[in-house]
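Read off the chains here:
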Amino acid sequence: MIIDIITIFPNMFKPVLGESIIKRAQNKGLVKINIYDLRDYSGNIHKKIDSPAFGGGPGMVLRPEPVFKAIESILGESLYPHKKKNSKKNIVFFTPQGKILVQKDIKRFLKYQRLVLLAARYEGIDERIRKYAIDEEVSIGDYVLSGGELPAMVFVDALVRIIPGVVSSRESVLRESFENNLLDYPHYTKPREFRGLKVPDVLLSGDHKKIKEWRKIRAYEITKLKRPDLIEKKRKQT
Ligand code: 6GU
């Protein structure tokens, strides 16, 4: 998979994408992440990418030209007026107006060979970008961040870790549990007794059937307590 990220803060991405699972996935050749500085496509020597709004009002608006140029240069084809019919590019824009991501959405994005992510500042992008350049608008929750950079990184992290081969099978078993709409069961390790606090007997019993059953019940109880909405969702699915 190729992920192209367009941003005015390339330096924000480098440390995050250069560590841990995302780093490993890139080293294994399972994903290629390219970062582009939107200012390089400004079309002017001052690298200015915004202008005041037509019709007046406070704040600046992101001009269409840099965004169109950046995307066209990355993909090597025109967005408008010569966009190929039915050419689904999957250009994702991060905005609080977008669809709030859940695990199921992340899985859906796995099917694309290539994704272009546009991380900008939301208080004003020219509407023609929305209409003619963007395929999907995505949010990471109902709260306002100062820009789409962190959401884009959240998206990349969630996506990359489910690319087949990126995490070990043991890790991916844990992931399955969220797809079940259940939270994880409690974990214990050494010592058997810490300051008088004991590990549940069943986990020391060696009875794997019983342990499995105990974990299932605990996962359900924890979910019911902390995230009753997930139980409701699970009920509707079955
Ligand atoms: Cl995608 N962008 C911004 N600016 N704020 C957000 C968000 C995105 N998702 C949640 N809050």
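Criteria and cut-off values
Residues numbered from 1 in each chain as written. Predicted model: local features only at pLDDT ≥ 70, side-chain atom pairs only at ≥ 80, totals over all residues. Heavy atoms only, no water. Helix = DSSP H or I, 4+ residues; strand = E, 2+ residues; numbered from the N terminus. Buried < 20%, exposed > 50% of the residue type's maximum accessible area, 1.4 Å probe, protein only. Pairing = 2+ DSSP bridges. Near = heavy atom within 4 Å. Areas by Shrake-Rupley, 256 points an atom, 1.4 Å probe, with all protein chains shown as cover. 1 Å grid on protein atoms, 1.4 Å probe; cavity = no way out; pocket = protein on both sides within 12 Å on 5 of 7 lines; lining within 4 Å. Sits in = over half its atoms within 2 Å of the grid points. Nonpolar A, V, L, I, M, F, W, Y, C, P; charged D, E, K, R; others polar. Salt bridge = Lys/Arg side-chain N within 4 Å of Asp/Glu carboxyl O.

Caption draft 1: Molecular detail of the environment of lysine 212. Here lysine 212 shows up in helix α9 (residues 208-226). Taking the C-alpha atoms as reference points, lysine 212 and valine 154, separated by 58 residues in sequence, lie 32 Å from one another.

Caption draft 2: Highlighting the pairing of strand β1 (residues 2-7). Most of β1 is tucked away, with 5 of its 6 residues classed as buried. Relative to strand β2 (residues 32-37), β1 is paired through 6 bridges, and the arrangement is parallel. Paired with isoleucine 5 across the two strands is isoleucine 35, which belongs to β2.

Caption draft 3: Here's a closer look at the site of the ligand. Neighbouring the ligand are the residues Phe94, Thr95, Pro96, Val138, Ser139, Ile140, Gly141, Tyr143, Leu145, Gly147 and Pro151. In the complex, the protein chains occlude 100% of the 290 Å² of accessible area that the ligand would expose alone. When atom positions are compared with the pocket grids, the ligand is found to occupy the largest cavity. Mapped by element, the contributors of at least two residues to the shell around the ligand are β5 (91-100) and β7 (136-139). Considering each element in turn, the shell around the ligand owes the most residues, 3 residues, to β5. Taken together, the residues that form the shell around the ligand break down as 7 nonpolar, 4 polar and no charged.

Caption draft 4: Inspection of the pattern of salt bridges at higher detail. One pass over the full model with this rule turns up 15 salt bridges. Between lysine 69 and glutamate 65 there is a salt bridge, with its nearest N and O atoms 3.0 Å apart. Of this pair, lysine 69 and glutamate 65 are both found in helix α3 (residues 64-75), 4 residues apart, which corresponds to roughly one turn of the helix. Take glutamate 65: its relative accessible area is 36%, and that puts it in the partly exposed class. The shortest N-O distance in the salt bridge between glutamate 149 and arginine 121 comes to 2.7 Å. Placement of glutamate 149 in helix α6 (residues 149-160) and of arginine 121 in the loop between β6 (114-119) and α5 (127-132) is noted, with a sequence separation of 28 residues between them. Here glutamate 149 falls in the buried class, since its relative accessible area comes to 1%.

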